[in-house]
Amino acid sequence: MAAGTSVLDSKMAAGPGRLGVLIGVVVLVIGLVYVGRHLLTDLSGVHAESWLPYALLGVALLTALAFEFVNGFHDTANAVATVIYTHTMEPHVAVIWSGMWNFLGVLASSGAVAFGIVSLLPVELILQVGGRAGFAMVFALLVAAIIWNLGTWWFGLPASSSHTLIGSIIGVGIANQLMSVKTGTSGVDWGQATNIGKSLVLSPIVGFFFAAMLLIVSKKLIPNKALYQAPKGNEPPPFWIRVLLMITCTGVSFFHGSNDGQKGMGLIMLILIGTVPTAYAVNHAVTYQQTQDFVAVSTQTADMLNHYVSPAAVVGDAREEVTDYIRTKQFTPNTMLALRNLVNGIGTEMALYRELKAVPQDKVRNFRNDMYVVSEALRLMNKTHQPEFSTADAAILANYKKHVDNATKFIPTWVKVAVALALGMGTMIGWKRIVVTVGEKIGKDHLTYAQGAAAEITAMATIGAADWFGLPVSTTHVLSSGVAGTMAANHSGLQMSTVRNLALAWVLTLPASICLAASLFWLFSKIGGSGS
């Protein structure tokens, strides 16, 4: 391993060269110009009474992009470790290649993961995201995640950015509940957190066993000894295995962008909604024809819900009633009446404004909040099957929710470009520490061609499936556990000190990020003062 490693050391020590630096600078400048131009265009219709919203927007956006930048240190580097250590690609070429496909993955992302993570947050903090408590939440989440990610990166530990962010969300939820016991505010959506937690816990187990099985099967089907031996000197793998490794590196990079890139997007959208709701609270891209369709669907849905309203039901503030249902998960006859009233009110206002971009500046946040709580209530009802809707009525509600989500759950292209740039820049600067850990310190022997391919194929398939189902998984855990699985299957032996440190980071990430975020939320809430 020493000879191969020394060759790699010299490769990785070399800089990207003038051409590489020039290309990186040009891409960065073009991206920043694109992001800045579109952001300024969006803000041109905003009439703020002071400079404070713009200052908050700038600081919050920089913090969110810093999280994605540090995320690039960790997760994107995993995609290139196998192609570098098998001499499939030169290190800096691999990093640039991976960054390009990360960029495309981010652009192609659906947003399902982004808004799935946002739904974990306490509902009342989301509804007042433009207030002090809302900003305390956002900054606590991001700063806690950045601190833990930087710490684990410094020690070369491939910790999970997904685990870190989920832990930070749980910490904010717990702190919010403990700080506001008398007002009955909500904490964590434990049902949703459990579902996401399962994907985070199971994905490294899947990575370990599937990569191991894939290597064992390949040995039976492809008895080419060269594939199962360490690379000799600087020699690249056979042509077909080299193509396979490049394809899997490309796939992991693409799916990493489409999955991990979304984690910051949801928080960036909360920031935009909180600071400049006029521009981002509702989707201005919804056309006049789509708006009219929304009005018709709203009328249909309100009429259908009316059949489920109890004559004895009484409600004061409809949004407050539905918000209480989301917070407590307790359905009452009043909930259905409040939901019907909200749906009817949204449809009436939509007909009045005719287009979403025509909603008055002083009403847009409330209008968006009404749609948000309706969407979350419908999600919860579908999940709990309470009340029990007929098949036809459930289809009507699903169609209505689709229209509501199209109006509120959107991500502008410039946000995706900004996240992709942050991820890419993070990879360019911080890739070496994690790559060395994955390539050299998990197994006792050098990574072979077949091991690299088995780990990458498993990671690509697992992350792609998770993205399809809208579940966040850790690229770090899947890939590193896949490498460990191939080492075990190959009887190469594992470096137990590294495995112990990885397991320790995996175990400590949740409690550490929970404590960090909870403490920061309390601190930021005190600094911001009371009030919303």
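Note that the structure is a prediction, hence the values are computed from the model and not measured. (Residues numbered from 1 in each chain as written. Predicted model: local features only at pLDDT ≥ 70, side-chain atom pairs only at ≥ 80, totals over all residues. Heavy atoms only, no water.)

Right, let's talk about the side chain of Arg 340 for a bit. Within the secondary structure, Arg 340 sits in helix H14 (residues 333-353). Buried charged residue Arg 340 carries no salt bridge. Nearest counter-charge: Asp 303, at 7.5 Å. With near-sequence residues (within four places) excluded, Arg 340 lies in contact with Ala 302, Leu 305, Asn 306 and Val 309. (Helix = DSSP H or I, 4+ residues; strand = E, 2+ residues; numbered from the N terminus. Buried < 20%, exposed > 50% of the residue type's maximum accessible area, 1.4 Å probe, protein only. Lys, Arg positive; Asp, Glu negative; His and termini not counted. Salt bridge = Lys/Arg side-chain N within 4 Å of Asp/Glu carboxyl O. Contact = heavy atoms within 4.5 Å.)

Bringing the environment of Gly 131 into the picture now. By secondary structure assignment, the location of Gly 131 is in the loop between helix H6 (123-127) and helix H7 (132-154). In this structure the C-alpha to C-alpha distance between Gly 131 and Gly 274, which are 143 residues apart in sequence, comes to 7.3 Å.

Another aspect to go through is the side chain of Thr 301. Here Thr 301 lies in helix H12 (residues 288-306). Among the residues examined, Thr 301 registers a relative accessible area of 0% and is labelled buried. Look past the residues within four positions of Thr 301 in its chain and what remains in contact with it is Val 343, Ile 396, Leu 397 and Tyr 400.

On to the packing of helix H15 (residues 364-384) against helix H16 (residues 391-408). One way to put it is that H15 packs onto H16 with a least axis distance of 10 Å and a crossing angle of 140°. When the axis of H15 is compared with that of H16, the two are oblique. The two elements H15 and H16 cross, and the hand of that crossing is left-handed. In contact with Arg 368, Met 371, Val 374, Ser 375, Leu 378 and Arg 379 of H15, H16 contributes Leu 397, Tyr 400, Lys 401, Val 404, Asp 405, Ala 407 and Thr 408. Per-class residue counts for the contact of H15 with H16 are 7 nonpolar, 2 polar and 4 charged. (Axes fitted to C-alpha atoms, helices over the stretch in contact; angles between N-to-C directions. Parallel < 35°, antiparallel > 145°, perpendicular 65-115°, else oblique. Left-handed = near helix turned anticlockwise from the far one by under 90°. Nonpolar A, V, L, I, M, F, W, Y, C, P; charged D, E, K, R; others polar.)

Peptide bonds are, in most cases, trans, and in most cases residues other than glycine have a negative phi. For the bond from Gln 386 to Pro 387, the omega torsion is 0°, close enough to zero to count as cis. Within the secondary structure layout, Pro 387 lies in the loop between H15 and H16. We note that Lys 329 has phi near 65°; this positive angle belongs to a residue other than glycine. The residue Lys 329 is located in the loop between helix H13 (318-328) and H14 in this model. With relative accessibility at 34%, the residue Lys 329 sits in the partly exposed group. The backbone of Arg 354 sits at a positive phi, close to 70°, despite the residue not being glycine. With respect to the secondary-structure elements, Arg 354 resides in the loop between H14 and H15.

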